[in-house]
Amino acid sequence: MTARARHPLSADVRGRPALPPMTPVALPWTRRALDVVVALVLLVVLTPLMLLLAVLIRATSGRPVLFRQQRIGEGAREFTLYKFRTMHTGATGSALTNGRDSRVTGTGQLLRRFHLDELPQLINVLRGDMTLVGPRPESVDLAVRFPPEHQWLFRHRPGLTGPCQLRSRAHAALLDDRPDREEYYFAVLVPLRAELDAELLSRNSLTTVMGYIVRTLWYVLSGLWDRGGSGPCSDRPGDAGTRHTEEGRSLCARS
């Protein structure tokens, strides 16, 4: 199964700022094979849970159950990312949110704590939009505002998990008292995110991937006791990370 072709962003077509054309960094076939096998197995095993979550979201906050958004993928090409919806329908406000955002539903808080809202992204992995371990996919509106020295991130296929994703709970509180969240995000968190992802990509072997899968399972389970963001992969302020709204959020940053 190969990744679907997508067209790079075009300011002429969309009438908005666009990222410059970028040469994608292709995944080795061994990584792609691992993505397909793991995504298929997890989708089969987790289908009952995903159906239960869909019913829970529908019963507690109505439709839609899934949240869809255009994100930046490999080679700065757009793709549609899937998540379970965690915010109230029609929620508006800042593009960045802290750990106490009132726009998140009660069910959404539960999904976010255990990252269950991310499960539909297994479909993105299976399609080839994403890989299991890599940089977090950024929303289009935020990606075009990245400092040029950090736009190299968009050459790489984004990942379901990675070093930023495993710091999300610790980093969600970093914006709580920031008077200008976006300024802090682009000036402080984006450079730190790039540093974390650069370290990952420099040693992004099958062994590293399997290690992150194991760490991700532990990180998800740590949501049972980790209420203050001090989980096994957390860092203190100064490291990258936060949550965006569903109109443009990310894990470290969560997009």
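All values reported here derive from a predicted model rather than from experimental measurement. (Residues numbered from 1 in each chain as written. Predicted model: local features only at pLDDT ≥ 70, side-chain atom pairs only at ≥ 80, totals over all residues. Heavy atoms only, no water.)

Caption draft 1: Here's a closer look at the sheet that holds strand E5 (residues 138-139). Ordered by their spatial adjacency, three strands build an open sheet running E2-E1-E5, and the pairing between neighbours is antiparallel. Of all strands in the sheet, those bounded by a partner on one side alone are strand E2 (78-84) and E5. Two elements, strand E1 (residues 66-72) and E5, share two bridges in a ladder whose sense is antiparallel. Bridge pairing links isoleucine 72 to glutamate 138 in E5. (Pairing = 2+ DSSP bridges. Helix = DSSP H or I, 4+ residues; strand = E, 2+ residues; numbered from the N terminus.)

Caption draft 2: Broad picture of the environment of aspartate 101. Counting through the fold element by element, aspartate 101 comes out in the loop between strand E3 (96-97) and helix H3 (106-113). Owing to a relative accessible area of 9%, aspartate 101 belongs among the buried residues under this scheme. (Buried < 20%, exposed > 50% of the residue type's maximum accessible area, 1.4 Å probe, protein only.)

Caption draft 3: Structural detail: helix H7 (residues 181-201). The principal kink in H7, of about 40°, is found at leucine 189, preceding the proline proline 191 by one to four residues. Within the sequence span of H7, burial applies to Tyr184, Tyr185, Phe186, Leu189, Val190, Leu192, Arg193, Ala194, Leu196, Asp197 and Leu200. One side-chain oxygen of the residue at the start of H7 lies 3.4 Å from the amide nitrogen of glutamate 182, identifying that residue as aspartate 180. (Bend = angle between axes of the 7 residues up to and from the residue. Polar contact = N/O pair within 3.5 Å; in protein donor to acceptor, adjacent residues only side chain to side chain.)

Caption draft 4: Representation of the packing of aromatic side chains in the model. Evaluation of the coordinates by the stated rule reveals four aromatic pairs. Considering the side-chain rings of phenylalanine 146 and phenylalanine 186, the 6.3 Å spacing of their centres and the 85° angle between planes classify their relative orientation as edge-to-face. Placement of the pair is phenylalanine 146 in the loop between helix H5 (140-143) and strand E6 (159-161) and phenylalanine 186 in helix H7, with a sequence separation of 40 residues. The exposure class assigned to phenylalanine 146 is buried, which follows from its relative accessible area of 3%. Look at phenylalanine 186 and you get buried, because its relative accessible area is 13%. An angle of 65° between the planes, with centres 5.0 Å apart, marks the rings of tyrosine 185 and phenylalanine 186 as edge-to-face. The burial state of tyrosine 185 is the same as that of phenylalanine 186; both residues are buried. Through a chain of ring-to-ring contacts, the aromatic side chains of Phe146, Phe154, Tyr185 and Phe186 assemble into a single cluster. Taking the ring centre of tyrosine 212 as reference, the NZ or CZ of arginine 215 above it sits at 4.6 Å. (Phe/Tyr/Trp six-rings, centres within 6.5 Å; stacked < 30°, edge-to-face > 60°. Lys NZ or Arg CZ within 6 Å of the ring centre and 35° of its normal.)

Caption draft 5: Structural view of the pattern of salt bridges. Enumeration according to the criterion identifies eight salt bridges in this entry. Residues aspartate 129 and arginine 127 are paired through a salt bridge, measuring 3.5 Å at the closest nitrogen-oxygen approach. Residue aspartate 129 is classed as buried on the basis of its relative accessible area of 4%. For the salt bridge of arginine 193 with glutamate 138, the shortest nitrogen-to-oxygen distance reads 3.0 Å. Within this pair, whereas arginine 193 is found in helix H7, its partner glutamate 138 is found in strand E5, the two being separated by 55 residues in sequence. Grouping residues by exposure puts arginine 193 and glutamate 138 together as buried. Bridged by salt links that share partners, the residues Lys83, Glu118 and Arg136 form one connected network. (Salt bridge = Lys/Arg side-chain N within 4 Å of Asp/Glu carboxyl O.)

Caption draft 6: Structural context of unusual backbone geometry. Along the chain, arginine 63 connects to proline 64 via a cis peptide bond; the corresponding omega equals -5°. With respect to the helices and strands, the residue proline 64 is situated in the loop between helix H2 (29-61) and E1. Of note in the backbone geometry, alanine 76 takes a positive phi value of approximately 65° without being a glycine. Secondary-structure assignment places alanine 76 in the loop between E1 and E2. According to the relative accessible area criterion, alanine 76 is buried, its value standing at 3%.

Caption draft 7: A look at H3. Buried within H3 are the following residues: Thr107, Gly108, Leu111, Arg112 and Arg113. Phi turns positive one or two residues past the end of H3, at histidine 115, with a value near 60°.

Caption draft 8: Looking closely at the environment of glutamate 149. Along the chain, glutamate 149 turns up in the loop between H5 and E6. Its relative accessible area of 53% is what places glutamate 149 among the exposed residues. On a C-alpha basis, the gap between glutamate 149 and alanine 194 in space is 9.5 Å, while along the polypeptide they are 45 residues apart.

What is shown is where atoms sit, not what they do.
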